[in-house]
Amino acid sequence: MERSSAAVGAVRRLRTQQHQHQQQKREEEEDEEWRRKRRRKAGGGGRLPHPLLLLPESRAAPLLLLYLLALRGLVHVSFQQLVRPAPAGGAREFNAPRARAYLENITAIGPRAVGSPENEIFTVNYLLEQVKVIEQESSHVHRISVDVQRPTGTFSIDFLGGFTSYYDNITNVVVKLEPRSGAEHAVLANCHFDSVPNTLGASDDAVSCSVMLEILHTLSKSSEPLKHAVIFLFNGAEESLLQASHGFITQHHWAKSVRAFINLEAAGVGGKELVFQTGPENPWLVQAYISAAKHPFGCVVAQEVFQSGVIPAETDFRIYRDFGNVPGIDLAFIENGYIYHTKYDTADRILTDSIQRAGDNILGVLKYLATSDKLARSHEYRHGNIVFFDVFGMFVLAYPARVGAIMNYVITALAVLYLGKKVLQPRKRGKLKLLCILLSLSAVSYAKELAIAVVLTVLSWLVTLLGVLTVAVFISLIGRCLSWYTHFYVSVFLYGTAALAKLIFVHTLAKTFYYKHTNEQFLAEIFFDVPVVFWSISLALLTYLGVSSAFVSAIWVAFPLLTKLMTYKELNEKGATMKFITVYLLGMFIPHLYLLYLNWIIFEMFVPIMGRSGSEIPPDIIVAAFIVLMCVLLSSYLLKFIYLAKSTKRTIITLTTVSAITFTLVCSGIFFPYSSDAANPRPKRVFLQHMSRRFHRLDGLLERSDSGIWINGLDYDGISHVTPHIPELNDSIRTKCEEESPLCGLPWILPVDYLFRKNWYLPAPATTPKKPVHFQLLSKEQMPWDSTKLTFEVSGPSHMSLYLRPHQGSTLSRWSLGDGTPVANAVGGDYFVFYSHGLQALPWQFWIEFKASDEPTKGMVTLAIVTHYFFGEDQKSPQLHALIERFPNWTFPSGWVSTYDQFIF
């Protein structure tokens, strides 16, 4: 029995061995057959591609498309998370419905231009009444003090090329909430209740003032006393170039106690308020915001973009920082900037949920700061900048910039080590393992191939940019720009698809011709390392320059290197095509998602600005360039799939077809830029001024005069879309620049003539304001230091401008404005002074002092006084009113009467 069992076992083992041998033989035959097929597909030459190579386009393209759609969907969900209603349930300290009632009452007063009764009397009285009610309901542990400030002052600022501002008797309502025993230190909350002419200014900035009223109400009813005071500044002259905040921080007796501030602004209507400026330095303020805000939302990228000057705007943050040396936080609503500063900026468009979010955040931060020990010693915490960014609207990460610099350099070092190892590793010949064969090129160094790939990639970027910009220029020349203004997807289909098609096409050409006999896996490795090189260089450079936004580059170096480690195993497995792609895309998911999320926020802010960026900046070129940049960045680590794919023909044809169809539709004019949709308007902005001009000679006599309606379209399209509705408004009435006059002899509100060189002038009868301007030379003195001092007096409407252009041989050396040193505009070279006053202001007196090299025969200076009637009975003439009524409903025409008086002295 034992022998029989042993024999049976031996037979079984023999059969098993034979079966294993046959199975191994079959696998070897299958492997050999697979190799022969791959060799044939690879075109012979003995090259053995990896099973991952020659990825069928029918499998790769849909997978990448699904990947991109998933990214887009998640970004959309993340962005909706920012603006969706706050979670229900639970007791709330901040009462949004009551704040909405404040908002509705303020906007019911009407437009609130500086100097108007609506701004200086009605709104001020309403605020004082509400503060009085709040004071009566406040807890006994608090004390509320109220002061109505009417400051007069002057300052210069380097905004819009540089100009000087002068204000007289404007209004601030200042409320201080402090412990009953008083407080030495204070945190400031700032809003402005004035609005631009002809708008209700619900978002800019009545909603912020309403939020502040409710926060005052909430804090004052608390039974717990604050450690520090909270000053609520309801300023009444922000739209007149930040004048009221300057009057407070430089003149009010409470200003000296301010140790930090929160400025509440708007660049859109509703949504969630974005922290887009902090500091200077003082990272503890950002930490305070993160700790105390219930729904934090902010990014240092927005701060650095805003402070770069790319967006032509400023807020009161600038005044407190530069003139008060106070650190702070700047917040603004950014959603739906299309109706910002238009008649559509009404209270009903601001969701109660947005008010609740803003109230929760700002209340939490103010309470935190008013009880913080750091506020009293804020100057001690002023050390360096901070990197901060929100993670898909869920929470905010922040760390000191110096820590970020160390992290960035460490990541850069890892990238250098990774690349250095590949460049320096020995190249063997002969029979090697599969991966070594794939990573080898006979007689060619890896560094050289990497350098060539870098050059090819840069070339592909340049070709793509040039090609897409050519399309954008053509569209601008035929008058079809802004086709995406209402339908933003048009820009993606027009420029995005064209950019991707060109990128893929250039790399396909390189693969087909230059890399014809090069192993595809090696190419995939090379074109993975190329973006590592670029992102690492940008990371090191931005970190060296102290740019906090370098954290974006850090993400795009760290995650790809980690992904490389994750996919190393898949590279060595036969039949791991889909597994590799899946793991690779998952590893790159966070960088792609975050960059797409950032782009979404930037576009949300940036695209509406294109509708008010002037007649000289072609918006299609700007948007096309930005979309190309985003395509280049987002595709940087996906280009390797071009070299892995069997064919890219179908993808290129599809992208080109979509772009061509969109191009044809855009050229046909099917996508109208503007919309009068009541729920979601996209209006075209037009400024109209019925002006009268008078030009005087050196002897004071009137040389010539004219009058007409001066028209400015605020976007690149000018009035081309308006002409079919109002035929007399066409290019035959283009305004001619008066070359001898400052700012072309036209009544500009701001020194922005260089942004609006295309404007129109329709002759009309002269205007006769009931409150005309009075201008006179009070004295002319020869000073002991060989200069001439001219003293003037002006009285007129609440908004005026002073232009000065010294003649050749004359120099404007001193004046009574600003800090005494004249500031010329860096763009045009003329001097521009913006003036506004509140009610019952005295005549404006100022002096200027000139030095002349010789006795001037044609005078020393050309001086012009410009007036703007933004409200009241003089605001609109019958002719202006009739013309405005003829504008189509998809426009927002804002009009007023103005005058221009020019003199030579």
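Owing to the predicted nature of the structure, the values given are computational and were not obtained by experimental measurement.

Trainee: What is the right way to read the nonpolar core from this model?
Mentor: Within soluble globular proteins, side chains that are nonpolar tend to cluster in buried spots. Counting residues in hydrophobic clusters, the biggest one holds 186 residues, and the most contacted among them are Phe232, Phe234 and Phe551. Sort the elements by how many residues they give to this core and helix H19 (residues 589–609) lands first, with 12 residues. Residues within four places of Phe551 in sequence aside, it is in contact with Cys299, Val300, Val301, Val387, Phe389, Tyr399 and Tyr594. With 46 residues, the next largest nonpolar core counts Ile157, Phe159, Trp710 and Val752 among its residues.

Trainee: What am I meant to see in the side chain of Ser877 here?
Mentor: Mapping Ser877 onto the fold places it in the loop between strand S21 (861–869) and helix H23 (878–885). At 2.5 Å, the side chain of Ser877 forms a polar contact with the side chain of His690. In this structure the side chain of Ser877 is engaged in a polar contact, spanning 3.1 Å, whose partner is the backbone nitrogen of Leu880. Apart from the residues within four sequence positions on either side, Ser877 is in contact with His690 and Val897.

Trainee: Help me understand a nonpolar patch on the surface, please; the structure alone is not making it clear to me.
Mentor: Together, Ile406, Val410, Leu414 and Leu417 make up an exposed nonpolar region whose accessible area comes to about 410 Å². Structurally, the position occupied by Leu414 is in helix H12 (residues 401–424). Here Leu414 falls in the partly exposed class, since its relative accessible area comes to 48%.

Trainee: What's the story with the packing of aromatic side chains in this structure? I'm lost.
Mentor: Two numbers describe a pair of aromatic rings. These are the distance of the centres and the angle of the planes. One pass over the full model with this rule turns up 52 aromatic pairs. With a centroid separation of 6.1 Å and an interplanar angle of 85°, the aromatic rings of Tyr515 and Phe527 are classed as edge-to-face. Residue Tyr515 is found in the loop between helix H15 (489–514) and helix H16 (520–544), and its partner Phe527 is found in helix H16; the two are separated by 12 residues along the sequence. The two residues Tyr515 and Phe527 agree in class, both being buried. Relative to Tyr584, the ring of Phe528 has its centre 6.3 Å away and its plane inclined at 65°; by these criteria the two rings are edge-to-face. With Phe528 in helix H16 and Tyr584 in helix H18 (residues 577–587), this residue pair connects regions lying 56 residues apart in the sequence. Classification of Phe528 as buried rests on a relative accessible area of 1%. For Tyr584, a relative accessible area of 1% translates into the label buried. An aromatic cluster of three or more residues is present, and its members are Tyr166, Phe775, Phe792, Tyr835, Trp844, Phe846, Phe903 and Phe905.

Trainee: What is the right way to read the sheet that holds strand S4 (residues 172–179) from this model?
Mentor: Within a sheet, neighbouring strands are paired by backbone hydrogen bonds and run either parallel or antiparallel to one another. Read across the sheet, seven strands follow the order S1-S4-S6-S5-S7-S9-S8 without closing on themselves; strand pairing throughout is mixed. The outermost strands of the open sheet, each flanked by one partner alone, are strand S1 (142–149) and strand S8 (273–279). When the angles between neighbouring strand axes are averaged without regard to direction, this sheet yields 15°. Where S1 meets S4, eight bridges bridge the pair, whose relative direction is antiparallel. Bridging from a neighbouring strand, Asp147 pairs with Val174 of S4.

Trainee: Just to check I follow, could you spell out the state of the cysteines for this structure?
Mentor: As used here, a disulfide is simply a covalent bond connecting the sulfur atoms of two cysteines. Per the counting criterion, the structure on display carries two disulfides. Covalent S-S linkage joins Cys191 and Cys209, the inter-sulfur distance amounting to 2.2 Å. On the sign convention where negative is left-handed, the bridge of Cys191 and Cys209, at about 105° about the S-S bond, is right-handed. One end of the pair, Cys191, is in strand S5 (residues 186–192); the other, Cys209, is in helix H5 (residues 202–221), with 18 residues separating them in the sequence. Across the pair, exposure class does not vary: Cys191 and Cys209 are buried alike. In this model Cys737 forms its disulfide with Cys744; the gap between the sulfur atoms is 2.0 Å. Judged by the sign of its S-S torsion, about -80°, the cystine formed by Cys737 and Cys744 is left-handed. Overall, the relative accessible area of 32% leaves Cys737 in the partly exposed class. Indicated for the protein chain is the disulfide connectivity 1-2, 3-4, based on numbering the bonded cysteines in sequence order.

Trainee: Just to check I follow, could you spell out the confidence of the model for the protein chain for this structure?
Mentor: Detailed reading of the predicted model is not advised wherever pLDDT is low. Per-residue pLDDT for the protein chain has a mean of 86; in total, 86% of the residues score no lower than 70. Within the model, the stretch residues 82–90 combines pLDDT values under 50 with 16 contacts to residues more than four positions away or in other chains.

Trainee: Help me understand H19 in this model?
Mentor: It helps to recall that an α-helix has 3.6 residues per turn; residues three or four apart then point in one direction. Helix length check: H19, at 21 residues, gives a terminal C-alpha distance of 30 Å against a target of 30 Å (1.5 Å per residue), a fit within 8%. The sharpest bend along H19 comes to roughly 30°, located at Phe603. Taken across its 21 residues, H19 has 17 buried, putting it largely inside the fold.

Trainee: Looking at this model, I keep getting lost on the sheet that holds strand S12 (residues 684–696). Mind explaining?
Mentor: Pairing in this open sheet of nine strands is mixed, and the strands run S2-S3-S19-S17-S21-S22-S12-S13-S14 from one edge to the other. The sheet is open, and its two edges are formed by strand S2 (153–157) and strand S14 (760–763), each paired on a single side. Taking each pair of neighbouring strands and ignoring which way they run, the sheet shows an average axis angle of 25°. Bridge count for S2 against strand S3 (residues 163–168) is five bridges, and the pairing is antiparallel. Residue Thr154 lies in a different strand from S3, and its bridge partner there is Tyr166.

Trainee: So what exactly am I meant to see when it comes to the pairing of S3 here?
Mentor: Where a strand is regular, its side chains alternate between the two sheet faces. Burial within S3 is extensive, with six of its six residues counted as buried. Here S3 shows no split at all, with Phe163, Ser165 and Tyr167 on one side and Thr164, Tyr166 and Asp168 on the other all buried. A loop of five residues connects S2 with S3, the two strands running antiparallel in sequence, and Leu160 in this loop sits at a positive phi of about 55°.

Thresholds, definitions, all that
Residues numbered from 1 in each chain as written. Predicted model: local features only at pLDDT ≥ 70, side-chain atom pairs only at ≥ 80, totals over all residues. Heavy atoms only, no water. Core = buried A, V, L, I, M, F, W, Y, C linked by side-chain atoms within 4.5 Å. Buried < 20%, exposed > 50% of the residue type's maximum accessible area, 1.4 Å probe, protein only. Helix = DSSP H or I, 4+ residues; strand = E, 2+ residues; numbered from the N terminus. Contact = heavy atoms within 4.5 Å. Polar contact = N/O pair within 3.5 Å; in protein donor to acceptor, adjacent residues only side chain to side chain. Patch = residues over 30% accessible without salt bridge, like charges linked within 9 Å, V, L, I, M, F, W, Y side chains within 5 Å. Areas by Shrake-Rupley, 256 points an atom, 1.4 Å probe, with all protein chains shown as cover. Salt bridge = Lys/Arg side-chain N within 4 Å of Asp/Glu carboxyl O. Phe/Tyr/Trp six-rings, centres within 6.5 Å; stacked < 30°, edge-to-face > 60°. Pairing = 2+ DSSP bridges. Axes fitted to C-alpha atoms, helices over the stretch in contact; angles between N-to-C directions. Disulfide = S-S within 2.5 Å. pLDDT = per-residue confidence, 0-100. Expected span 1.5 Å × (residues − 1). Bend = angle between axes of the 7 residues up to and from the residue.

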